[in-house]
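The lines below spell out each chain.
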Amino acid sequence: MTNQPDLEERSDYAAVGGGPAIAAVVDRFYVLVLADDRLRGFFDGVEMVRLKRHQVALVSQVMGGPVSYAGRDLREAHEGMSISPEDFVSVAEHLVTALTDAGVEPAIIDRVVATIAGTEADIVETRPAAG
Ligand code: HEM
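The model shown is predicted, which means the values in this text are computed figures rather than measured ones.

Moving on, we come to the layout of surface pockets. In this model, the largest pocket occupies a volume close to 740 Å³. Forming the walls of the largest pocket are 29 residues, and the residues nearest its centre are Phe-43, His-54, Leu-74, Ala-77 and His-78. Contributing elements (two or more residues each) for the lining of the largest pocket: helix H4 (48–62), helix H5 (74–78), helix H6 (85–101) and helix H7 (106–117). No other element matches the eight residues that H4 contributes to the lining of the largest pocket. Considered class by class, the residues forming the lining of the largest pocket number 18 nonpolar, six polar and five charged.

Have a look at this one:
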């Protein structure tokens, strides 16, 4: 029987190993996204610093990390990019791959996926009814 009560009191961010572990996930996520023909174009011309900020925000925020992201909200940040539901799924899948490769436990990955799913409405371009 596994008994690790303290895990329940820590954020997932802490449970997976904090900053260094997250950095490894972020690096892997970045490689996967930019190697994906569907996604690469979205990041054309995006400054590296902002790209890095995107990845760190995406990974840390959803894991309950100590991230005080003070940038634009998600809807504003992705407005006008015409991100489709399929694009969104691709990004989410790369994140899951990066987390899996880093040995993050399935229960934590499930929570990450649930949180990511909750941001979809802000990120995917929903076409207003044609008028
Ligand atoms: C899945 C959840 C996602 C989260 C939590 C997220 C988070 C963010 C955040 C916080 C920013 C603002 C960065 C800044 O202002 O510096 C941003 C920008 C951006 N995101 Fe996302 N994102 C997500 C999904 C996506 C998807 C699906 C795509 C494309 C397929 C995408 C492409 C971009 C691009 C191109 C930028 C602009 C970078 C810039 O010029 O500032 N994101 N994202």
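Looking now at the packing of helix H2 (residues 18–34) against H6. It is at 9 Å that the axes of H2 and H6 come closest, and there the two elements cross at 140°. Classified by the interaxial angle, the pair formed by H2 and H6 is oblique. Judged by the sense of rotation from one axis to the other, the crossing of H2 with H6 is right-handed. Residues Val-25, Arg-28, Phe-29, Leu-32 and Val-33 of H2 form the contact with H6, whose own contacting residues are Val-91, His-94, Leu-95, Thr-97, Ala-98, Leu-99 and Asp-101.

A separate point is the packing of aromatic side chains. Overall, the coordinates contain zero aromatic pairs when judged by the stated rule. Of note, Lys-52 hangs over the ring of Tyr-30, and the distance from its end group to the ring centre comes to 5.9 Å.

Attention shifts here to the environment of Val-113. Structurally, Val-113 is set in helix H7. Each C-alpha atom of the pair Val-113 and Ala-92 lies 7.3 Å from the other, and the pair is 21 residues apart in sequence.

About the cut-offs
- Residues numbered from 1 in each chain as written.
- Predicted model: local features only at pLDDT ≥ 70, side-chain atom pairs only at ≥ 80, totals over all residues.
- Heavy atoms only, no water.
- 1 Å grid on protein atoms, 1.4 Å probe; cavity = no way out; pocket = protein on both sides within 12 Å on 5 of 7 lines; lining within 4 Å.
- Points joined across faces, edges and corners; volume = space filled by probe spheres on them.
- Helix = DSSP H or I, 4+ residues; strand = E, 2+ residues; numbered from the N terminus.
- Nonpolar A, V, L, I, M, F, W, Y, C, P; charged D, E, K, R; others polar.
- Axes fitted to C-alpha atoms, helices over the stretch in contact; angles between N-to-C directions.
- Parallel < 35°, antiparallel > 145°, perpendicular 65-115°, else oblique.
- Left-handed = near helix turned anticlockwise from the far one by under 90°.
- Contact = heavy atoms within 4.5 Å.
- Phe/Tyr/Trp six-rings, centres within 6.5 Å; stacked < 30°, edge-to-face > 60°.
- Lys NZ or Arg CZ within 6 Å of the ring centre and 35° of its normal.

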